[in-house]
Amino acid sequence: MNTLGIAVIGTGKMGADHVRRIGDTVGGARVVAVADAVADPDGDRAKAVAAGVEGAAAFTDPAAATAAPGVDAVLIASPGPAHEEAILHALERELPVLCEKPLTPDPEGALRVLEAERRVGRRLVQVGFMRRFDAEYERLKELLDAGGIGRPLFLHCRHRNASSPSFFTSDMLISDSVVHEVDAARWLLGQEVTAVTVLSPRPSSAAPEGLSDPRLVLLETSGGAIVDVEIFVNCGFGYQVRCEAVGESGSARIGDGHAMVVESAGRWGGEIAQDFTTRFADAYDRQVRRWVAAAARGRVDGPDAWDGYAAAAVSEAGLAAGRSGVRTEVRLVERPELYR
Ligand SMILES: NC(=O)C1=CN([C@@H]2O[C@H](COP(=O)(O)OP(=O)(O)OC[C@H]3O[C@@H](n4cnc5c(N)ncnc54)[C@H](O)[C@@H]3O)[C@@H](O)[C@H]2O)C=CC1
Ligand SMILES: O=C1[C@@H](O)[C@H](O)[C@@H](O)[C@H](O)[C@H]1O
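If you're wondering where the values come from, they're calculated on a predicted model, not measured in any experiment.

Draft legend 1. Focus on the UniProt feature "domain: Gfo/Idh/MocA-like oxidoreductase N-terminal" (unreviewed entry) in the chain. In the numbering adopted here, UniProt assigns the feature "domain: Gfo/Idh/MocA-like oxidoreductase N-terminal" (unreviewed entry) to residues 5-129. This span, residues 5-129, is 39% helix and 20% strand, and a straight line between its end C-alpha atoms measures 22 Å.

Here it is in structure tokens:
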């Protein structure tokens, strides 16, 4: 196979950005089909995206896009609740998948994905936890793996968005946003999350009515570390993702984002990225490039469906903890052989 033919499902902010990067920066692949649905019943959004890509066909039915001629792999960028159906269509055809996070909003849906992969007999699904492809996160992981700061005791995480979309709910602060820290913590520490506690201060006056924003999420891990995550999705001033690891013999911090500091007129300062498409641009590029290379060899080279399931199980516990105010344990099924 020379060029991987990709169907992109969901042509909103992330889907359109992935279509652009496959055309501009990722070699060895081309978009041959795009589909949108629900908010795009006439296919206008998909047609507009397809119009910019030579040879790409537009569909209103995601299953039809997946079955279109020339499709070798599927990139899913529809909203979380639509992921399971799209993944199952792809797995029926034994196609490699890159699915934006969260794999599914709930662990039950993720287990159905694991079962579908078991039927195929090999791993085909990668989840879009792009922080694993970010240069700063990679350096932190290398340091921790090398024992550079000793046994990790804490991860102190800050995850701030300038503003939240109109459809954002208090649950989504956990299942859509903190899910990134859940995956990053599992990956950085090589441990599972075992319990979640959520503390919710009086909401910021900048938060839309009814949105519990910000929140503090505490994760306990199987190796005895504690991860605290401040999630604040209407902080107003920009996009910040920071992580400080504290170990028995040192600490390490990423995410300060001070690419250039300007000193002038008696002041110093720099710029703050305004959203994830800027802060993680390189990580998205590397994620899709690595997925394309692995998919062409019929492999998965990144967070897999088990990682998506584990994150969904932590989200479920986090949602319960957020509603009850009570520490909630995470329940995981035994890890299937395929993911060991
Ligand atoms: N990795 C990351 O940093 C980020 C990941 N995401 C994830 O990407 C996915 C998409 O998010 P956005 O692009 O921000 O949303 P969006 O709302 O901009 O786009 C979603 C698109 O999917 C379409 N759609 C809805 N139901 C569909 C269905 N059943 N089949 C096909 N298309 C359908 C909508 O009409 C819309 O065009 C979500 O899973 C989200 O969590 C979003 C932002 C950043
Ligand atoms: O995945 C993302 C969004 O869906 C989510 O809503 C944001 O909070 C995250 O910062 C972004 O990376």
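Draft legend 2. Local environment of the packing of aromatic side chains. Scanning all chains against the criterion turns up three aromatic pairs. Aromatic pair Y239 and F276: ring centres 5.9 Å apart, planes at 75°, arrangement edge-to-face. One end of the pair, Y239, is in the loop between β10 (226-232) and β11 (240-247); the other, F276, is in helix α8 (residues 276-279), with 37 residues separating them in the sequence. With relative accessibility at 5%, the residue Y239 sits in the buried group. Seen from their ring centres, Y239 and F280 are 6.3 Å apart, and the 85° between their planes marks the pair as edge-to-face. Here Y239, found in the loop between β10 and β11, pairs with F280, found in the loop between α8 and α9 (281-296); they are 41 residues apart in sequence, far enough to count as distant.

Draft legend 3. Spatial organisation of the site of ligand 1. Near ligand 1 lie 27 residues; those nearest to it are M14, D36, R45, K101 and Y284. Here a nitrogen atom of ligand 1 and a side-chain polar atom of E100 are 3.1 Å apart. Residue K101 places a main-chain N or O atom 2.9 Å away from an oxygen atom belonging to ligand 1. Considering ligand 1 on its own, with 850 Å² of exposed area, one finds that the protein chains cover 85% of that surface. Of all the secondary structure elements, the ones that give two or more residues to the shell around ligand 1 are α1 (13-24) and α7 (170-189). Among the residues forming the shell around ligand 1, the class breakdown is 13 nonpolar, eight polar and six charged.

Draft legend 4. A look at the pattern of salt bridges. Considering all chains together, one arrives at 32 salt bridges under this definition. A salt bridge links R20 to D17; the shortest N-O distance between them is 3.0 Å. One end of the pair, R20, and the other, D17, are both in helix α1, three residues apart, so they sit about a helical turn from each other. Classification of D17 as buried rests on a relative accessible area of 14%.

Draft legend 5. Structural view of unusual backbone geometry. For the peptide bond that leads from K101 to P102, omega is -15°, which places it in the cis range. One can find P102 in the loop between β5 (97-99) and α5 (107-120). Look at the link from D213 to P214: it is a cis peptide, with omega at 5°. Take P214: it is sitting in the loop between β8 (193-199) and β9 (215-221). The phi dihedral of V38 is positive, around 65°, even though this residue is not glycine. As for its placement among the helices and strands, V38 is situated in the loop between β2 (29-35) and α2 (44-51). Of the residues examined, V38 reaches a relative accessible area of 84% and is grouped as exposed. With a phi angle near 50°, A265 is a residue other than glycine that sits in the positive phi range. Relative to the helices and strands, A265 is located in the loop between β13 (262-264) and β14 (267-269). Since its relative accessible area comes to 78%, A265 is described here as exposed.

Draft legend 6. Structural context of the domain arrangement of the chain. With domains assigned, the chain is organised as domain 1 (4-130 + 282-305) and domain 2 (135-275 + 325-339). With centres defined by C-alpha atoms, the gap from domain 1 to domain 2 works out at 26 Å. Here domain 1 packs against domain 2, burying approximately 1,200 Å² in sum over the two surfaces, 59% of which is carbon and sulfur. Among the residues domain 1 hides against domain 2, the three largest losses belong to K101, F129 and R286. Together they make up 38% of the total. Linking domain 1 to domain 2 there are three salt bridges. At the junction of domain 1 and domain 2, the tally comes to four residue pairs in polar contact (both at pLDDT 80 or more). At four residues, α5 tops the list of elements feeding residues into the side of domain 1 that touches domain 2. Across the side of domain 1 that touches domain 2, the residue classes break down as six nonpolar, two polar and nine charged.

Rules used in this analysis
- Residues numbered from 1 in each chain as written.
- Chains lettered and ligands numbered in written order.
- Predicted model: local features only at pLDDT ≥ 70, side-chain atom pairs only at ≥ 80, totals over all residues.
- Heavy atoms only, no water.
- UniProt positions renumbered as here; feature names shortened; annotations may be inferred.
- Helix = DSSP H or I, 4+ residues; strand = E, 2+ residues; numbered from the N terminus.
- Phe/Tyr/Trp six-rings, centres within 6.5 Å; stacked < 30°, edge-to-face > 60°.
- Buried < 20%, exposed > 50% of the residue type's maximum accessible area, 1.4 Å probe, protein only.
- Near = heavy atom within 4 Å.
- Polar contact = N/O pair within 3.5 Å; in protein donor to acceptor, adjacent residues only side chain to side chain.
- Areas by Shrake-Rupley, 256 points an atom, 1.4 Å probe, with all protein chains shown as cover.
- Nonpolar A, V, L, I, M, F, W, Y, C, P; charged D, E, K, R; others polar.
- Salt bridge = Lys/Arg side-chain N within 4 Å of Asp/Glu carboxyl O.
- Domains from an automatic or database assignment.
- Buried area = accessible area lost by both parts, 1.4 Å probe.

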